[in-house]
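A look at the structure
Listed below are the residues making up each chain.
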Amino acid sequence: MPELPEVETVRRTLAHLVIGETITMVDVFFAKIIKKPNDVDQFKQALVGQTIRALKRKGKFLMIELDDYDLISHLRMEGKYTVEEARMPVDKHTHIIFGFKSGKTLRYHDVRKFGTMHLFGKGEAADALPLRQVGYDLYLDQIDEDWVFEKITASTRAIKNILLDQTIVAGLGNIYVDETLFKSKIHPLTKGLTLSKVEVLRILDMAKLTIDEAVKQGGTSIRSYVDAKGDMGMFQQTLHAYGQTGEPCSVCEHPIEKMKLSGRGTHFCPVCQKEKNDSVRS
DNA sequence: CTTATCGCCTGAAGGC
DNA sequence: TGCCTTCAGGCGATAA
């Protein structure tokens with residue numbers, strides 16, 4: 001499920017394939033993916049004649065920069081891009097096709113149809129939703145640690161939920177949150193306001209370490225993820241918590257346990273990640 | 001203001 | 001075989 005490392009890998013692999021391509025046609029087979037503009041015909045007409053100039057990323061959003069527009073794409077659970085010749089058959093989960101002057105096509109596939117696209121005029125995206133509320137990017141940004149500490153300790157929510165909230169630090173999803181908290185030796189249910197400065201800094205360090213390593217490995221291929229060239233990531237071989245239920249903890253050998261936290265599968269070592277008393281700030 | 005829950009989607013897997 | 005339930009989970013909308 002694309003989180004920051006997967007989106008970054010898609011950005012890198014896709015950039016080689018589409019930068020410099022000029023759009024001559026757009027097909028939209030499932031209109032609900034297009035969140036802006038409201039009218040799909042406007043979306044198509046705006047894009048015709050535009051050349052792809054750059055691919056950027058903020059948090060889990062992929063930004064396709066064109067001459068006069070920025071297309072903001074979120075892959076959510078299962079979104080994928082491929083580049084294929086126009087004559088290639090269209091599979092049932094292809095929802096949007098951008099046809100290029102070169103005869104190639106950029107295709108957006110999404111089995112669950114959760115993905116979104118927002119089209120903005122040049123430079124308008126950063127100050128509008130959905131990008132406006134994206135917090136510090138864990139891979140690119142210099143993080144204001146004091147501000148993050150204040151935000152986290154102002155909340156009674158479980159630290160796992162706080163880290164999944166993209167408005168504070170951006171890029172973590174369910175896999176990398178579990179990995180980050182495992183390496184930080186913090187229980188996922190720990191309330192934000194019980195965390196010390198040292199613990200918050202440790203969480204930030206482990207989050208950045210996990211994200212950096214996963215980017216180096218080309219992301220994590222659990223379920224369906226592949227990059228724009230169809231290649232799988234390798235980070236699943238490095239997972240310590242996510243999907244490791246019943247396997248011995250890599251530190252203490254106690255079996256990794258799985259629980260439900262706000263509807264999400266949550267993996268942790270009950271020995272290394274002790275639950276602490278809410279009233280104590282250690 | 002904050003936090004919790006629901007709904008969107010489809011396919012795989014498991015129970016009976 | 002086949003039907004039903006559960007799970008996968010990011011995040012916007014809505015409720016509390």
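Conventions and cut-offs
Residues numbered from 1 in each chain as written. Chains lettered and ligands numbered in written order. Predicted model: local features only at pLDDT ≥ 70, side-chain atom pairs only at ≥ 80, totals over all residues. Heavy atoms only, no water. Helix = DSSP H or I, 4+ residues; strand = E, 2+ residues; numbered from the N terminus. Contact = heavy atoms within 4.5 Å. Near = heavy atom within 4 Å. Polar contact = N/O pair within 3.5 Å; in protein donor to acceptor, adjacent residues only side chain to side chain. Nonpolar A, V, L, I, M, F, W, Y, C, P; charged D, E, K, R; others polar. Salt bridge = Lys/Arg side-chain N within 4 Å of Asp/Glu carboxyl O. Domains from an automatic or database assignment. Buried area = accessible area lost by both parts, 1.4 Å probe. Pairing = 2+ DSSP bridges. Axes fitted to C-alpha atoms, helices over the stretch in contact; angles between N-to-C directions. Parallel < 35°, antiparallel > 145°, perpendicular 65-115°, else oblique. Left-handed = near helix turned anticlockwise from the far one by under 90°. Buried < 20%, exposed > 50% of the residue type's maximum accessible area, 1.4 Å probe, protein only. Arc of directions from axis to C-beta. UniProt positions renumbered as here; feature names shortened; annotations may be inferred.

**Here's the deal with the side chain of Glu8**
Inspection of the secondary structure puts Glu8 in helix α1 (residues 4–18). Residues in contact with Glu8, not counting those within four places in the same chain, are Arg57, Tyr139 and Val215.

**With respect to the protein's contact with DNA strand B**
Around DNA strand B, the neighbouring residues are Phe30, Lys32, Lys92, His93, Val111, Arg112, Lys113, Phe114, Ser155, Thr156 and Arg157. Residue Lys113 places a side-chain N or O atom 2.9 Å away from a phosphate oxygen belonging to DNA strand B. Class assignment for the residues of the surface near DNA strand B results in three nonpolar, three polar and five charged.

**Focus on the pattern of salt bridges**
For the structure shown, the criterion picks out 13 salt bridges. A salt bridge links Asp165 to Arg157, with the shortest nitrogen-to-oxygen separation between them at 3.1 Å. One network of salt bridges, in which partners are shared, links Glu8, Arg11, Arg12, Arg57 and Asp137.

**Looking at the domain arrangement of chain A**
Domain boundaries in chain A define domain 1 (4–133) and domain 2 (136–268). Computed over C-alpha atoms only, the centres of domain 1 and domain 2 are separated by 28 Å. Between domain 1 and domain 2, the residue contacts involve 20 residues of the former and 25 residues of the latter. Buried surface at the junction of domain 1 and domain 2, both sides included, amounts to about 1800 Å², of which 58% is carbon and sulfur. When the buried surface of domain 1 facing domain 2 is broken down by residue, Leu4, Pro5 and Glu6 rank first, second and third, together holding 28% of it.

**Considerations on the sheet that holds strand β6 (residues 79–85)**
The strand order across the open sheet formed by four strands is β1-β7-β8-β6, and the pairing between neighbours is antiparallel. Each edge of the open sheet is held by one strand with a lone partner, namely β1 (23–28) and β6. Each neighbouring strand pair of the sheet contributes to a mean axis angle of 20 degrees, computed without reference to strand direction. Note: strand β7 (residues 94–100) against strand β8 (residues 104–110), five bridges, orientation antiparallel. Among the inter-strand pairings, Ile97 is bridged to a residue of β8, identified as Arg107. Across the sheet, α1 lies against β6, β7 and β8, angled at about 20 degrees from β6, the strand it touches most. Of the strands in this sheet, β1 and β7 touch helix α2 (residues 40–47), which is tilted by about 160 degrees from β1.

**Considerations on the packing of helix α5 (residues 174–184) against helix α6 (residues 197–216)**
Direction vectors running N to C along α5 and α6 enclose 130 degrees, while the axes themselves pass 8 Å from each other. Put simply, α5 runs oblique to α6. Helix-helix and strand crossings are classified by hand; for α5 and α6 the assignment is right-handed. Of α6, the residues touching α5 (which contributes Tyr176, Glu179, Thr180, Leu181, Lys183 and Ser184) are Arg202, Ile203, Met206, Ala207, Thr210, Ile211 and Ala214.

**Re α2**
When we look at burial in α2, the residues that qualify are Val40, Phe43, Ala46 and Leu47. Down the axis of α2, the sector holding all buried residues measures 130 degrees, keeping them to one side. Buried positions along α2 lie against β1, β2 (34–36), β4 (61–66), β5 (69–74), β7 and β9 (116–121). Two or three places before Asp41, at the start of α2, stands the capping residue Asp39, its side-chain oxygen 3.1 Å from that residue's backbone nitrogen. Among the residues trailing α2, Gly49 stands out with phi positive, at a value near 95 degrees.

**Section: the protein's contact with DNA strand C**
Around DNA strand C sit 18 residues, and of these His74, Arg112, Phe114, Tyr242 and Lys258 come closest. Sugar plus phosphate, as a fraction of atoms of DNA strand C within 4 Å of the protein: 60%. One of the side-chain N or O atoms of Arg76 is found 3.3 Å from a base nitrogen in DNA strand C. One nitrogen or oxygen atom from the side chain of Gln133 is found 3.2 Å from a phosphate oxygen belonging to DNA strand C. Those elements giving two or more residues to the surface near DNA strand C turn out to be β12 (257–261) and β13 (264–268).

**A look at the UniProt feature "domain: Formamidopyrimidine-DNA glycosylase catalytic" (unreviewed entry) in chain A**
Mapped onto the present numbering, the UniProt feature "domain: Formamidopyrimidine-DNA glycosylase catalytic" (unreviewed entry) falls at residues 2–115. The distance from the first to the last C-alpha atom of residues 2–115 is 11 Å, and the span holds 20% helix and 43% strand.

**So, the sheet that holds β5**
Spatial ordering of the open sheet is given by β2-β9-β5-β4-β3, a layout of five strands whose pairing is mixed. Each edge of the open sheet is held by one strand with a lone partner, namely β2 and β3 (52–58). Taken over all neighbouring pairs, the strand axes of this sheet differ in orientation by 25 degrees on average, direction set aside. As paired strands, β2 and β9 are joined by two bridges and run parallel to one another. Bridged to Ile34 within β9 is Met117. The strands touched by α1 are β3 and β4; relative to β3, the strand with the most contacts, the crossing angle is about 175 degrees. Relative to the sheet, α2 contacts β2, β4, β5 and β9, its axis offset from that of β9 by approximately 60 degrees.

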